[in-house]
Structure formats: structure tokens, C-alpha cells
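If you want the building blocks of each chain, they are given just below.
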Amino acid sequence: MTADPERIAVVPGDGIGNEVVPAAREVLEAVGPDFEFVEADAGDEVKAETGEALPDETRELAANADATLFGAAGETAADVILPLRSAVDSFANVRPVRAYPGTDALHPDTDLVFVRENTEGVYAGHEDEIAPGVTTLTRVVTESASEEIARYGFEYAAERGERVTIAHKANVMRTTDGLFLETAESVADEFDVEYDTALMDALAMHLVMRPEEYDVVVCPNLAGDVLSDLAAGLVGGLGLLPSANVGDERALFEPVHGTAPDIAGEGVANPSATMLSAAMLLEYLGYDDAGERVRSAVKATLESGPHTPDLGGDATTRDVTDAVLTKL
Ligand code: ATP
Ligand code: MG
């Protein structure tokens, strides 16, 4: 008896999602594992047609697929991506930030990864208006979520022989970030991995000045959101940055960029971020060699061209996809 092929949900969404996701799917098809791909809708267009930004079928599909490849959603982004992330029970948002040759990076040696807590912090807190002109927000930090994210970060670093930095602001948020920091440091004790801790504001400055000193940065939710965007600016462009929302049983992979309405429909979107997200998908499912092949082919294409307009070239998404397929 042979096992059923793994099922990959493919959700292009809106805007350039419809250009970059099919390109990344071609790359997945070319590297071989015998996946079953199932496409589904989400976003502004399907909301206009049906009244629902995230149809039940799409949610169910993601909740049952082995992995999901998502593009982007426009105005409805929060109604789509937040429930999709919870459909895959993701606790970690993983964002590698790497400078590739042939691109305009501020710091060409940048190669780090943010491991961001994805379920709590201020984003899970309740906001209130307690009186006219007076608003509050409750910040939620639990030992279990802190432990889970720290463990993921340390395992990630251990597998790669890398160093961990734990970001926090425990000198001010003594109770919540105090718990986060204390929990992460006790996880650190279980690993033979070098680590340090960093106040998140000072870390922002160091990341701009010396990003090459960092490997794996474990962060609470809001800090990870801000710091990873900051680091994205160091490597020259949204078109290059992949991400993963990882759970124990399934995961969702998406480019960091959005729908890029200014270029949508022109066929010139850079597919690299989504292809690199597909490489992370392959690795998540255990196809490390295939993932590395995809990453190398994207890297080689970034080095040699062709380049889409965001990287100063005049190539189309199709041209870049063909170049990557040839290198594979
Ligand atoms: P959204 O609200 O969906 O995030 P946005 O207007 O913020 O839309 P983004 O997708 O976040 O647009 O992109 C910001 C800028 O970066 C735009 O000018 C866009 O053209 C450019 N950009 C983003 N992704 C890519 C890509 N893959 N290829 C080329 N340019 C891109
Ligand atoms: Mg945007």
C-alpha cells in the first residue's frame, strides 16, 4: 500500500497573489514530490461575489491540508489571514531575512530569521474604550505560548548550528515580558545553543547597524512584527521575503508582501518571495533537498537575472519563472 500524496491547499487570493502563487506552484511541481494540489478562493474578489472573504470551503481545506500556499488578500486581509493562521493552529511566524547577491541590500551579509510568537501579546488582547477619550488594551502572555515559541526557536537554531537572541522589554513590562524572558531562558538551558537576550528597542538599532551578528531572533508578537519589517528594509525589497506560519500538524506559507495593487495584472510581479515560501513548505514537509534546490535556483536567478522591475530589470514574472525552472 502506498501512502496518499500530501495535500497542498493553494490560495492565491487577490492582486499579484494570482501571479506569484501559480509561479511558485510550477516550481513545486517541477521539484517532484507527488503532491495533490487543491485550489481555493479567498479575499476581496470572492467577498464581492459571495459576501464572504474566507469561504468555509477554503477554511476547511486549509485546516485539513498538510500545508497551504497563500498569496495575499487586499482590503479583506485581516478577515482572511487571521482565520487561516488559526485554521492551521500556527503558533510561530517564521520570517527569514536574507540578502541575496544581485539585489540592492543595505547589508549584504544579512542572514537571520525571526521566530515570532503568533497567538498572543497585544494582538490577542481586548481593547476597550472605558470612557470617552480613554482607551485600554490588555496584553496577554502565557508561559505555555512563551515556552512553545522559545522551543521552536532553539530547535531551529540547534539544527542549523546557529545562535539565538531573545528579544524582550522586561525592564518595563516586568510581568508579561518578565514571564516571556524567564520562560525562554529556562528553555535555553535545555539546549546546547549559544544565546543572548536583547531589549527590543536597542535591538532595533543594532539590527540596522550590524544585522550580520544575528541568526535566530525569538520575539513576542508585536516586537516580531515590527522588527521583522525593519529587517526587511535592510535587504532591499518586499519581493524577496518569504514567511511561514507554523503549527504542529500543518502550516501556511506566504510572501511577506501584499497584493501590490499598483502592479497587479501587469505580469511583472517578482515571484521570488513566494517561491522561497514554497521552499520553506518543502522543508516543513521533510523534503529538505527539494527545498534547498528551489532556494538555490531562486538565488542563482537573482544573481544572474532576469530581474523584474522592482529589482531594476524589465523581465516579466513568466521570464523569471522560466529562468528558475531552467536552473532547477
Ligand atoms: P496590501 O494592502 O495588499 O499590502 P500594498 O499597497 O501595501 O497592498 P504591498 O503588496 O504591500 O502593497 O507592496 C508595497 C510595494 O511593494 C508596492 O509598490 C508593490 O508594487 C511592491 N511589491 C510588493 N510585492 C512585490 C512583488 N512581489 N514584486 C514587485 N513589487 C512588489
Ligand atoms: Mg502592504
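Residues numbered from 1 in each chain as written. Chains lettered and ligands numbered in written order. Predicted model: local features only at pLDDT ≥ 70, side-chain atom pairs only at ≥ 80, totals over all residues. Heavy atoms only, no water.

**Regarding the overall build of the protein**
In terms of helices and strands, the protein carries 11 helices and 12 strands. In terms of overall dimensions, the protein is globule-like: its C-alpha atoms have a radius of gyration of 20 Å, near the 20 Å expected for 328 residues. In terms of its C-alpha atoms, the protein occupies a principal-axis envelope of roughly 50 × 50 × 45 Å. Within the protein, the proportion of its 328 residues that are buried is 52%. With the model as given, the accessible surface of the protein reaches about 14600 Å², and the carbon-plus-sulfur share is 48%. (Helix = DSSP H or I, 4+ residues; strand = E, 2+ residues; numbered from the N terminus. Rg over C-alpha atoms; globule rule 2.2 N^0.38 Å. Buried < 20%, exposed > 50% of the residue type's maximum accessible area, 1.4 Å probe, protein only. Areas by Shrake-Rupley, 256 points an atom, 1.4 Å probe, with all protein chains shown as cover.)

**Examining the site of ligand 1**
In the vicinity of ligand 1 there are 14 residues, among which Gly258, Thr259, Ala260, Asp262 and Asn270 approach most closely. Within the contact set of ligand 1, an oxygen atom lies 2.9 Å away from a backbone nitrogen or oxygen of glycine 258. Within the backbone of alanine 260, one N or O atom sits 2.9 Å away from an oxygen atom of ligand 1. Grouping the constituent residues of the shell around ligand 1 by class yields seven nonpolar, five polar and two charged. (Near = heavy atom within 4 Å. Polar contact = N/O pair within 3.5 Å; in protein donor to acceptor, adjacent residues only side chain to side chain. Nonpolar A, V, L, I, M, F, W, Y, C, P; charged D, E, K, R; others polar.)

**Structural notes on the environment of isoleucine 166**
With respect to the helices, strands and loops of the structure, isoleucine 166 is situated in strand 8 (residues 164-168). Judged by its relative accessible area of 0%, isoleucine 166 falls in the buried class. When the C-alpha positions of isoleucine 166 and methionine 200 are compared, they lie 8.9 Å apart, and in sequence the two are 34 residues distant. Apart from the residues lying within four places of it in its own chain, the contact partners of isoleucine 166 are Phe154, Phe180, Leu181, Ala184, Glu185, Tyr195, Asp196, Thr197, Ala198 and Val218. (Contact = heavy atoms within 4.5 Å.)

**Thoughts on the UniProt feature "domain: Isopropylmalate dehydrogenase-like" (unreviewed entry) in the protein**
With numbering matched to this structure, UniProt assigns "domain: Isopropylmalate dehydrogenase-like" (unreviewed entry) to residues 7-324. Spanning residues 7-324, this segment combines 42% helix with 20% strand, and its end C-alpha atoms are found 24 Å apart. (UniProt positions renumbered as here; feature names shortened; annotations may be inferred.)

**Here we look at helix 4 (residues 77-87)**
Buried within helix 4 we find Val80, Ile81, Leu84, Arg85 and Ala87. Relative to the axis of helix 4, the buried residues are bounded by an arc of 155 degrees and lie together on one face. The inward-facing, buried residues of helix 4 contact helix 3 (56-64), strand 3 (67-72), strand 11 (242-246) and strand 12 (251-255). Looking at the residues trailing helix 4, positive phi occurs at aspartate 89, about 55 degrees. (Arc of directions from axis to C-beta.)

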